[in-house]
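Residue-level structural notes
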Amino acid sequence: DAGVIQSPRHEVTEMGQEVTLRCKPISGHNSLFWYRQTMMRGLELLIYFNNNVPIDDSGMPEDRFSAKMPNASFSTLKIQPSEPRDSAVYFCASRPHEPGELFFGEGSRLTVL
Amino acid sequence: AQKVTQAQTEISVVEKEDVTLDCVYETRDTTYYLFWYKQPPSGELVFLIRRNSFDEQNEISGRYSWNFQKSTSSFNFTITASQVVDSAVYFCALGITNAGKSTFGDGTTLTVKP
């Protein structure tokens, strides 16, 4: 079975550019999570969705970040404009039911120059 | 509010040693779930185990074992006869029914030297 699929795996961009990260959750999972991991701040939850509806976006750093889940099989995390402090590994995870375990994608490593 | 504390930031052992990773949690809910995840150097996060608050039975899976003690709010993870491939960051997490999100600890970096 396919796991959580994230793209791109690596992204290098310049400050001010728009960045879009993509995620395809595991089929049948009804919750999707976006996490950010840095050395300084560890693993941070940015936002999560239940049945495609955003439930808690309190972890989204600021208005430059936005996330969407137009259907059960696709989600995006957008940063516009990007800044060097956004450099991190961004993980998407899905969950089959509550309060089940999370299944993580391989992550998208973002570098903003 | 929920909190997970992994007091050990880094642990280094020599291969074949046993090692225990500590996890202490805080919650006022009576129904909750505890998880361990592994993040090897390759970067992906992998689920290892889930326990619910009503099941204090310890679990063993090969060289891995987990000790859940509600009296001390701890869910510790022991690796027996450690191997180099066990080198990773290990995260403990707490989930509350109907809260949606899990609370993660800061992780413990385990280095197993040959």
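Not measured: the values here are computed from a predicted model.

1. Looking at the nonpolar core
Among the nonpolar cores identified, the biggest contains 24 residues, and Trp36, Phe77, Tyr90 and Leu110 of chain B are the most heavily contacted of them. Among the elements that take part in this core, strand 10 (residues 88–96) of chain B stands out by supplying 5 residues, more than any other. Sequence-distant contacts of Leu110 of chain B, defined by excluding residues within four places in its chain, comprise Ile11, Val13, Val19, Ile79, Asp86, Ser87, Ala88 and Tyr90 of chain B. Judged by nonpolar contacts, the second largest core, of 21 residues, contains Leu21, Leu32, Met60 and Tyr90 of chain A.

2. Some thoughts on the packing of aromatic side chains
In this structure the tally under the stated criterion is 19 aromatic pairs over all chains. Summarising the aromatic geometry, the rings of Phe33 of chain A and Tyr35 of chain A are spaced 6.4 Å apart at their centres and angled 25° between planes, so their arrangement reads as stacked. Here Phe33 of chain A falls in the buried class, since its relative accessible area comes to 0%. Of the residues examined, Tyr35 of chain A reaches a relative accessible area of 1% and is grouped as buried. Ring geometry for Trp36 of chain B versus Phe77 of chain B: centroids 5.3 Å apart, planes at 50°, classification tilted. Here the residue Trp36 of chain B occupies a position in strand 5 (residues 32–39), and Phe77 of chain B occupies one in strand 9 (residues 74–79), the gap between them amounting to 41 residues. When its relative accessible area of 0% is taken as the criterion, Trp36 of chain B is described as buried. The rings of Phe33, Tyr35, Tyr48, Phe91 and Phe104 of chain A together with Phe35, Tyr37, Phe47, Phe91 and Phe104 of chain B are connected pair by pair, giving a single aromatic cluster.

3. Considerations on the state of the cysteines
All names here are of chain B. As enumerated under the stated definition, the model contains 2 disulfides over all chains in all. A sulfur-sulfur distance of 1.9 Å marks the disulfide that ties Cys23 to Cys92. Because the sign of the S-S torsion sets the handedness, a value of about -65° for the bond joining Cys23 and Cys92 places this disulfide among the left-handed ones. On the criterion of sequence distance, the pair formed by Cys23 in the loop between strand 3 (19–21) and strand 4 (24–26) and Cys92 in strand 10 is long-range, its members being 69 residues apart. For Cys92, a relative accessible area of 0% translates into the label buried.

4. Here's the deal with the sheet that holds strand 8 (residues 74–79) of chain A
All names here are of chain A. With antiparallel pairing, 4 strands are arranged side by side in an open sheet as 1-3-8-7. The open sheet terminates on both sides in strands that have one partner only, identified here as strand 1 (5–7) and strand 7 (65–71). Adjacent strand axes in the sheet meet at a mean angle of 15° when their direction is disregarded. By the bridge criterion, 3 bridges tie strand 1 to strand 3 (residues 19–24) in an arrangement that is antiparallel. Looking at strand 3, one finds that Gln6 is bridged to Cys23.

The rules behind the values
- Residues numbered from 1 in each chain as written.
- Chains lettered and ligands numbered in written order.
- Predicted model: local features only at pLDDT ≥ 70, side-chain atom pairs only at ≥ 80, totals over all residues.
- Heavy atoms only, no water.
- Core = buried A, V, L, I, M, F, W, Y, C linked by side-chain atoms within 4.5 Å.
- Buried < 20%, exposed > 50% of the residue type's maximum accessible area, 1.4 Å probe, protein only.
- Helix = DSSP H or I, 4+ residues; strand = E, 2+ residues; numbered from the N terminus.
- Contact = heavy atoms within 4.5 Å.
- Phe/Tyr/Trp six-rings, centres within 6.5 Å; stacked < 30°, edge-to-face > 60°.
- Disulfide = S-S within 2.5 Å.
- Pairing = 2+ DSSP bridges.
- Axes fitted to C-alpha atoms, helices over the stretch in contact; angles between N-to-C directions.

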